[in-house]
Amino acid sequence: MIPYARRAAALCLLLLVALLVNALRIQVVRAPAYDANPANRRVPIERYGQPRGDILVGSRPVTGSRSTGAQLDWVRTYADGPLYAPVTGFSSQTYGTALLEAAEDDILSGSSPGLSALPLWNAVSRQPQRPGHVRTTIDPAVQKAAYKALGGKKGAVAALDPATGRILALVSTPSYDPGTIAGTGPQALGAWRRLVTAEDQPMLNRALRQTYPPGSTFKTVTAVAALVSGVVTDVDRPTDSPDPYPLPGSTTALGNESASAGCEDAPLRYAYVVSCNTVFGKLGDDVGLRAMRETAEAFGFNDPSIGVPSHPAVSVFDRRMDRAQLALSSIGQYDTRATPLQMAMVAAAVANDGTLMYPHLVDRTTDGAGLPLEVTGQRAYRQVMDAAVAFAMQDMMVAVVRHGTGRNAALPGALVGGKTGTAQHGEDNRGNPFAWFISWAKQSRGAPAEVAVAVVVEDAAADRADISGGGKAAPVARAVMRAVLAH
Amino acid sequence: MTAPAPGTSPPALAVPAVRLPRRRGVELALLVGAVLIPVYGYCAVGLAHDGAVPRGAAGYGAALGGLALAAHLAVRLRAPYADPLLLPIGVLLNGLGLVLIYRLDLETPDAAAPAQLIWSGLGVALFTAVVLLLRDYRTLARYAYLGVVAALVLMIAPSCFPAVNGARIWIRVAGLSLQPGEFAKVLLAVFFAAYLADNRAALAYAGRRVWRFHRLQLPTGRVLGPVLAVWTISLGVLVVERDLGTSLLFFGLFVILLYVASGRTGWIAIGLVLSAAGAFLVGTLEPHVHSRVADWLHPFASIEAGLGPGQLAQSLFAFSAGGLLGTGLGEGHSILIGFAAKSDFILATAGEELGLTGLTALFLLYGLLVARGYRAGLAIREPFGRLLAVGLASIVALQVFVIAGGVTDLIPLTGMAMPFLAQGGSSVVTNWVIVALLILLSDTARRPLPGPDAGRTDAGRTAAGGTDAA
């Protein structure tokens, strides 16, 4: 009996070994796959098991967290949700994250390894890492001024500090409160459904993620290209340009909004101030596709790598066009499209004497205690033009505001340069045009520019003249610049 | 008669000069640890959950300590030569089970730990009663046939009650739910041991050789009858009660004891063939069982179908979340398993919160319990006791393997209680009876024989082995 009992005992030992080996398999060998399974609720439970780090504007957090006591405990809250939604994006237990909440998620959720002084110890002790905070470059006064100035209109504002690339304001209206979709359950679901089906797209970040035909504001790029390429050497010498301008290789002729503007053979400065389509269409053709494209790309067009850190929609200047298309593109029509941020970068490059600084929205990230983890450094994106060209451009932009289409942007006691734009869209350009205004402001000639801003207002009534750019968008830009210059 | 061996304590007055170490002090010392570890775990749960030591910690420690002390005193009184490891392992596992259930109670509306503590008290009371009242375990052999009738009644009774979650294994009386199949285990082990001890010679009688070059011999048809009867009954249990685990346990137990009693490998072959046939038959006919097999093969099928994780998938997630060191008591999310988290899937909580380290320790504790049972069986001098010890130890081993293998996706999942750990009154009481019987058996095994070579237990062991070999 004894040997048989021993064999039965050996069988039990075999079963024990099988259990142990299998435990090793599921707890160690296969564990990474199991842990990463999207159906495993532990990931969201851990993620929402502690308050999320905050996004700061100035020194004040514009986000918060509240405990629900539910399985996913901490839910995101937003102070001034609609005002800062284009900056923060949303963090939702149901719908994930967007914009800054997405781009800095590893800091805000506490998963970044940089947050731990002793990463190995955290791995062993399984202590959740305290999340860090993200301080933005947004100036609350400027943001509020822009939001207020846009009022109930549909549109967007992007404002930059030209000398540093800091984004001072990023506004999109109509906006939404990200707090309404932060949680779970029928309320969040209903809010989400309302937001995504709303006709005026409140969740669309128009300042960063929407491209518009830039219209006449793009003439700034064309003017720079003409000066940089040497096609124009003197801004006051008449150009050889007919009015109307027959588009090369086409039977269509390009005219101006106002036939009485005197655009025939107009010099660059005059043509810029009164916004002659004929002069800039021909200039684009004279400069040529290659040089036009190079200048546009120096401003940031066609660059998908720009991240602030969220990636804006790519602004487009076509790489292959015939001459007629190039002429139309050079006045901001045809396929040319730009985000408000892109056009703010155009104004900023001119204002900063030709150097375009890389735009950024995050000033610094800090750990939970507020000690800095990473401070975003200033760096140049490109030297778009030399200082002489920049000075000429600044003069022309000042002239637009002094006695051109941009008089609504003038600020007493400050030097303001700008350019209006009205872009047609829709089939046969029947849609209501977009009103554009790009500008910069400094305290006085010789002082550094303090702000560059781009404003777009959608559906700016049926007024087809450049005046709508000056009429609808310029006052918004003025409010933004005033807020910057006020301190 | 002879001089005391060096190193032993001076002989007491009324006892012979040479005495075996009884090791009751070892048992007491181990019991202190077996009580303190769960109390520490209880505190850890509270600290993790509320940041404070739970208010009931002292009461819980006192209750567990009191139970352990009562059991220890009974052993000291009636079974002084018993194996000193058995009782502490039982107390430790029972205590850890209470901690795990208490920990899960914090996240469910109903509290199961207080009831489990009462059942544990009942179990220890029964343990004490068995140790105190059962003067000689051999008495049990006399009631073997009465026992098997009782076992059959206990097993059939639940089929008159409504099925709970697909299995008819519960009896609900006045708010208490009993699982009579649990008690039947011990009765059946007693019956098998008694029956096989009596009919050893006939069973060992060799039948035809089927493989000329292999030592596989089929038993004769005459003794095949009882085997087929047990197989039919366990299959009947399966079909009537839809309880795959219990039927597997009974049949496995019978095959092991048959083999140990007769030494015929043919029994194992027959056992394997019959259980394979039974499993195939039931697997194809019973949708309840069939789905378990499907889950075993593809635990994530429901996720891929977009229906979310099933219980087994949740169990695997829990184990993997534990990793090597575990999340710590009270820090895991095994409650996601949902239904049966405190009973069948209790091991997943251990796996998640104590990690592979804790799980290995638990498995080794069970392994030790089984090994000490087998050791008692090997040391005992007569066939009934030997078979009973082997049978009881095998019940624990099979039960642990079936349920632990089930929740870790090693074998198809069948509902069964993890001995001592899982929520379930019938189970914890039964396990205490098993430990009580093993204590009595080990006491007999290690007790010195009266006579000139008292104290040389090896003599008895060789004698028994000799008869076997003949």
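Quick notes on the rules
Residues numbered from 1 in each chain as written. Chains lettered and ligands numbered in written order. Predicted model: local features only at pLDDT ≥ 70, side-chain atom pairs only at ≥ 80, totals over all residues. Heavy atoms only, no water. UniProt positions renumbered as here; feature names shortened; annotations may be inferred. Helix = DSSP H or I, 4+ residues; strand = E, 2+ residues; numbered from the N terminus. Buried < 20%, exposed > 50% of the residue type's maximum accessible area, 1.4 Å probe, protein only. Contact = heavy atoms within 4.5 Å. Areas by Shrake-Rupley, 256 points an atom, 1.4 Å probe, with all protein chains shown as cover. Salt bridge = Lys/Arg side-chain N within 4 Å of Asp/Glu carboxyl O. Pairing = 2+ DSSP bridges. Axes fitted to C-alpha atoms, helices over the stretch in contact; angles between N-to-C directions. pLDDT = per-residue confidence, 0-100. Core = buried A, V, L, I, M, F, W, Y, C linked by side-chain atoms within 4.5 Å. Phe/Tyr/Trp six-rings, centres within 6.5 Å; stacked < 30°, edge-to-face > 60°. Lys NZ or Arg CZ within 6 Å of the ring centre and 35° of its normal. Patch = residues over 30% accessible without salt bridge, like charges linked within 9 Å, V, L, I, M, F, W, Y side chains within 5 Å. Buried area = accessible area lost by both parts, 1.4 Å probe. Polar contact = N/O pair within 3.5 Å; in protein donor to acceptor, adjacent residues only side chain to side chain. Nonpolar A, V, L, I, M, F, W, Y, C, P; charged D, E, K, R; others polar. Disulfide = S-S within 2.5 Å. Parallel < 35°, antiparallel > 145°, perpendicular 65-115°, else oblique. 1 Å grid on protein atoms, 1.4 Å probe; cavity = no way out; pocket = protein on both sides within 12 Å on 5 of 7 lines; lining within 4 Å. Points joined across faces, edges and corners; volume = space filled by probe spheres on them.

Under an unreviewed UniProt entry, the name given to chain B is Cell division protein FtsW, lipid II flippase, and the source organism is Actinacidiphila glaucinigra. As stated in UniProt under Subcellular location (unreviewed entry), the record for chain B gives "Membrane".

The name given to chain A in an unreviewed UniProt entry is Peptidoglycan glycosyltransferase, with the source organism recorded as Actinacidiphila glaucinigra.

Colleague: Before we go on, may I ask you to explain the overall build of chain A in this structure?
Modeller: When helices and strands are tallied, chain A shows 17 helices and 18 strands. Buried positions account for 56% of the 487 residues belonging to chain A. Within chain A, contacts between residues separated by at least 24 positions form 69% of all contacts whose residues are at least 6 apart in sequence. With an accessible surface of roughly 19,700 Å², chain A has 53% of that area assigned to carbon and sulfur atoms.

Colleague: Explanation requested: the pairing of strand β16 (residues 415–423) of chain A in the structure shown.
Modeller: Along a regular strand, successive side chains alternate from one face of the sheet to the other. Of all the nine residues making up β16 of chain A, nine are buried; the element is thus mostly covered by neighbouring parts of the structure. A two-sided burial pattern is seen for β16 of chain A, the buried positions comprising L415, G417, K419, G421 and A423 of chain A on one face and V416, G418, T420 and T422 of chain A on the other.

Colleague: Just to check I follow, could you spell out the pattern of salt bridges for this structure?
Modeller: Pairing is possible between side chains of opposite charge, provided their charged atoms come close. Residues and elements named next belong to chain A. This model, assessed by the stated rule, comprises 27 salt bridges over all chains. A salt bridge links R47 to D105, with the shortest nitrogen-to-oxygen separation between them at 2.7 Å. A residue pair is termed long-range when its members are at least 10 positions apart, and R47 in helix α3 (residues 42–47) and D105 in helix α6 (residues 105–108) qualify at 58 residues. You can call D105 buried: its relative accessible area is 16%. R206 is the salt-bridge partner of E458, the closest N and O atoms lying 2.9 Å from each other. Taken together, the positions of E458 in the loop between β18 (449–457) and α17 (467–485) and R206 in the loop between α9 (185–197) and α10 (219–229) put the pair 252 residues apart, joining distant regions of the chain.

Colleague: Sorry if this is basic, but what is going on with the sheet that holds β18 of chain A here?
Modeller: One key point about sheets: their strands pair by backbone hydrogen bonds, in either a parallel or an antiparallel sense. All names here are of chain A. Within the open sheet, the five strands sit side by side as β9-β8-β18-β17-β16. Their pairing is antiparallel. In this open sheet, the two strands that pair with only one neighbour each are β9 (167–173) and β16. Direction aside, the axes of adjacent strands within the sheet are offset by 10° on average. The strands that helix α15 (residues 340–351) touches are β8 (155–160), β9, β17 (434–442) and β18; relative to β18, the one it contacts most, it runs at about 150°. The strands touched by helix α16 (residues 387–403) within the sheet are β16 and β17, with β16 carrying the most contacts at an inclination of about 75°.

Colleague: What am I meant to see in the confidence of the model for chain B here?
Modeller: Detail in the predicted coordinates should be disregarded across regions flagged by low pLDDT. Here chain B averages 83 in pLDDT, while 83% of its residues score no lower than 70. Note that residues 1–12 of chain B has pLDDT below 50 and, in this model, five contacts with residues that lie over four places away or in other chains.

Colleague: Is there a simple way to explain the nonpolar core in this structure?
Modeller: Side chains of a nonpolar character, in soluble globular proteins, are inclined to be buried together. The biggest cluster of nonpolar side chains holds 146 residues, and the ones touching the most others in it are F127, L347, F363 and M418 of chain B. Considering each element in turn, this core owes the most residues, 17 residues, to helix α16 (residues 383–407) of chain B. Not counting chain neighbours up to four residues away, the residues in contact with M418 of chain B comprise I346, L347, F363, Y366, V400, I403 and A404 of chain B. Listed in part, the 93 residues of the second largest apolar core include V224, I331, A349 and A390 of chain A.

Colleague: Would you mind going over the environment of N408 of chain A with me for this structure?
Modeller: All names here are of chain A. Here N408 lies in the loop between α16 and β16. Classification of N408 as partly exposed rests on a relative accessible area of 34%. Sequence-wise, N408 and V476 are 68 residues apart; in three dimensions their C-alpha atoms are separated by 9.2 Å. Sequence-distant contacts of N408, defined by excluding residues within four places in its chain, comprise G470, G471, A474, P475 and R478.

Colleague: I keep staring at the packing of aromatic side chains and nothing clicks. Help me out?
Modeller: Where two aromatic rings form a pair, the distance of their centres and the angle of their planes describe that pair. Evaluated as defined, the whole model comprises 20 aromatic pairs over all chains. Among the aromatic residues, ring-to-ring pairing joins Y145, F191, F192, Y195 and F254 of chain B into one connected group. The side chain of K419 of chain A reaches across the aromatic face of Y272 of chain A, ending 5.5 Å from its centre.

Colleague: Teacher, can you tell me more about a nonpolar patch on the surface here?
Modeller: Side chains of L24, V28 and V29 of chain A together with L324 and L325 of chain B sit close together on the surface and give an oily, nonpolar patch of about 450 Å² of accessible area. Its place among the elements puts V29 of chain A in helix α1 (residues 2–29). V29 of chain A sits in the exposed class, given a relative accessible area of 58%.

Colleague: Explain the interface of chain B and chain A to me, please; I cannot follow it from the model alone.
Modeller: Many authors give the size of an interface as the accessible area that is lost as the parts come together. The partner chain A presents 34 residues to the 54 residues of chain B that form the contact. Of the roughly 3,700 Å² buried between chain B and chain A, counting both surfaces, carbon and sulfur atoms make up 71%. Inspection of the region where chain B meets chain A yields one salt bridge. When the shortest N-O distance is used, the salt bridge between R42 of chain A and E352 of chain B registers 2.9 Å. In this assembly, chain B and chain A are joined by eight residue pairs in polar contact (both at pLDDT 80 or more). Going through the elements one at a time, α10 (244–262), α14 (311–322), α15 (346–379), α16 and α18 (457–469) of chain B are the ones with two or more residues in the side of chain B that touches chain A. The element contributing the most residues to the side of chain B that touches chain A is α15 of chain B, with twelve residues. Here the side of chain B that touches chain A is composed, by residue class, of 31 nonpolar, 17 polar and six charged.

Colleague: Would you mind showing me how to read the sheet that holds strand β2 (residues 60–61) of chain A here?
Modeller: Residues and elements named next belong to chain A. If you walk across this open sheet you meet the five strands as β2-β1-β7-β13-β14, and the pairing is mixed. Only two strands of the sheet have a single neighbouring strand rather than two, namely β2 and β14 (372–375). Of the strand pairs in this sheet, strand β1 (residues 55–57) and β2 are connected by two bridges, and their pairing is antiparallel. Paired with L56 across the two strands is P61, which belongs to β2.

Colleague: Just checking my understanding: could you explain the state of the cysteines for this structure?
Modeller: Linking two cysteines covalently through their sulfur atoms gives a disulfide. All names here are of chain A. In the structure shown here, the tally under the stated rule is one disulfide over all chains. Bridging C263 to C276, the disulfide has an S-S length of 2.0 Å. The chirality of the disulfide connecting C263 with C276 is left-handed, given an S-S dihedral of about -80°. Separated by 13 residues along the polypeptide, C263 in the loop between β11 (253–254) and α11 (268–274) and C276 in the loop between α11 and α12 (277–287) bring together distant segments of the chain. Here the two residues C263 and C276 agree in accessibility, since each one is buried.

Colleague: Just checking my understanding: could you explain the packing of α1 of chain A against α10 of chain B for this structure?
Modeller: The angle between the axes and the distance between the axes are what describe a pair of packed helices. Where α1 of chain A contacts α10 of chain B, the two axes come as close as 8 Å, and the packing angle between them is 150°. Viewed along their axes, α1 of chain A and α10 of chain B adopt a mutual orientation that is roughly antiparallel. Residues Y4, A5, R7, A8 and L11 of chain A of α1 of chain A form the contact with α10 of chain B, whose own contacting residues are I256, Y259, V260 and S262 of chain B. For the contact of α1 of chain A with α10 of chain B, the per-class residue count stands at seven nonpolar, one polar and one charged.

Colleague: What is the right way to look at empty space enclosed by the protein in this model?
Modeller: Unfilled space is identified by rolling a water-sized probe across the atoms. Residue and element names in this part refer to chain B. Per the counting criterion, the structure on display carries four cavities of 30 Å³ or more. Counted as a void, the largest cavity has a volume near 110 Å³. Surrounding the largest cavity, 13 residues form its lining, Q179, G181, E182, D243 and T246 being those nearest its centre. The element best represented in the lining of the largest cavity is helix α7 (residues 180–198), accounting for three residues. Looking at side-chain class alone, the lining of the largest cavity contains five nonpolar, four polar and four charged residues.

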